[in-house]
Amino acid sequence: MKLRIATYNIHKGVSSFGSRPRILALKQAIDDLDAELVFLQEVQGRHDLHAARHALWPSEAQHDFLAGTTRHCAYGMNAVYDHGHHGNALLSQFEIASSSNRDVSDHAFEQRGILHCVVQTPAVAVHCYVVHLGLFAAGRRRQTEGLIETIEASAPPDAPIIIAGDFNDWRDHLSVALQTRLGVTEVFDDGKSVPRLSDFLRRKSDRLPKAMPARTFPAGLPLLRLDRIYVRGFTVESAEVLYGALWAKLSDHAPIVATLRLN
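Residues numbered from 1 in each chain as written. Predicted model: local features only at pLDDT ≥ 70, side-chain atom pairs only at ≥ 80, totals over all residues. Heavy atoms only, no water.

> Break down the overall build of the chain for me, citing the residues and quoting the values.
The secondary structure content of the chain amounts to 7 helices and 12 strands. In the chain, which comprises 263 residues, the share counted as buried stands at 53%. By sequence separation, contacts in the chain at least 24 residues apart represent 69% of the contacts at least 6 residues apart. Accessible surface, the chain: about 11700 Å² in total, of which carbon and sulfur atoms supply 55%. (Helix = DSSP H or I, 4+ residues; strand = E, 2+ residues; numbered from the N terminus. Buried < 20%, exposed > 50% of the residue type's maximum accessible area, 1.4 Å probe, protein only. Contact = heavy atoms within 4.5 Å. Areas by Shrake-Rupley, 256 points an atom, 1.4 Å probe, with all protein chains shown as cover.)

> Help me get a handle on the confidence of the model for the chain, residues and values and all.
Considering every residue of the chain, the mean pLDDT works out to 88; 89% of them sit at 70 or more. Low confidence marks residues 191-208, where pLDDT is under 50. Its contacts with residues over four positions away, or in another chain, come to 19 contacts. (pLDDT = per-residue confidence, 0-100.)

> For the environment of Ala254, give the residues involved together with the corresponding values.
Here Ala254 lies in the loop between α7 (245-250) and β12 (256-262). According to the relative accessible area criterion, Ala254 is buried, its value standing at 1%. Here the alpha-carbon distance between Ala254 and Thr216, two residues 38 residues apart in the chain, equals 5.0 Å. With near-sequence residues (within four places) excluded, Ala254 lies in contact with Tyr8, Thr216, Ala219, Asp227, Val241, Leu242 and Tyr243.

> Describe the sheet that holds strand β10 (residues 227-232), with residues and values.
Spatially, 6 strands are ordered β5-β6-β7-β8-β10-β9 in an open sheet, and the strand pairing comes out mixed. The strands lining the two open edges of the sheet, one partner per strand, are β5 (95-103) and β9 (185-186). In the packing of helix α4 (residues 137-154) onto the sheet, contacts are made with β5, β6 (113-120), β7 (125-132) and β8 (161-166), and the angle to β7 comes to roughly 165°. (Pairing = 2+ DSSP bridges. Axes fitted to C-alpha atoms, helices over the stretch in contact; angles between N-to-C directions.)

> So what about helix α5 (residues 175-182)? Which residues, and what values?
α5 sits mainly inside the fold: 6 of its 8 residues count as buried. Of all the positions in α5, only Ser175, Val176, Ala177, Leu178, Gln179 and Leu182 are classed as buried. Taken together, the buried residues of α5 touch α4, β8 and β10. Where α5 terminates, the next one or two residues include Gly183, which has phi positive at roughly 70°.

> Run through the pattern of salt bridges, naming residues and quoting values.
A full pass over the atoms with the stated rule returns 10 salt bridges. Here Arg181 and Glu145 are joined by a salt bridge, their closest N and O atoms 2.7 Å apart. In this pair, Arg181 is assigned in helix α5 and Glu145 in helix α4, connecting sequence segments 36 residues apart. When its relative accessible area of 30% is taken as the criterion, Glu145 is described as partly exposed. Among the charged side chains, a salt-bridge network with shared partners connects Lys2, Glu237 and Arg261. (Salt bridge = Lys/Arg side-chain N within 4 Å of Asp/Glu carboxyl O.)

> Can you tell me about the sheet that holds strand β11 (residues 234-241), naming the residues and giving the values?
Read from one edge of the open sheet, 6 strands run β3-β4-β2-β1-β12-β11, paired in mixed fashion. Of all the strands in the sheet, the pair left with one neighbour each is β3 (72-81) and β11. Between one strand axis and the next, the sheet turns through 25° on average, direction left out of account. With 7 bridges joining them, β11 and β12 adopt antiparallel strand pairing. The residue bridging Glu240 from the neighbouring strand is Val257, located in β12. Contacting β1 (2-9), β2 (37-47), β4 (84-92) and β12, helix α1 (residues 23-33) runs over the sheet at an angle of about 155° to β1.

Written out as structure tokens, the structure reads:
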């Protein structure tokens, strides 16, 4: 079985500059990805101010609007404010058998969560985790520990898993822990690289190849490696970041698309 998947931080459906609405164009762009599973971050379940200001703003929640009539969806609400809320979402062409959201916020000013969905594909149940980690390194380490604990507690050790989202890990300090404890592979890791000396000195027990995620931020001129897809139980057939003027207008992050084959 093959799966085409994508991960995308949609910046709440508005442009990076001027907060102009982009949600209608985002829906078309996401549909054009032709992905069976789409992992989304910064999805607005409700935003009263945008709805009042923009005549074409969808009346339903963004995850429902983006799913349309052809996909199933699940939403994990993380950040709540007077005029609305936002979080992570999963769009799926397959039935979502269950979903749950874990709050991994490290402080009151930056709400973060992990959305776990069990997707029933024709071949097997796939455990999907939509992730958006914090801006501070110490908090990301604690949130990664929470992610690992969540996966160990919710997915059987032989179950196929996909972890995707905005890790905000531009120095790539988290891959080794995920590889070591979960047995995952980052989709851009060719398996030929070696751990950096700093990683070796920090954790002598680590001997796994060092992943080299793609640059996805800012979308107009990607410099930072923020967005990731980690998999277990799949072979990565292809992975790419979608660059260009279209994507730069839609969000401050560029999406990643990968084709996986079930082992």
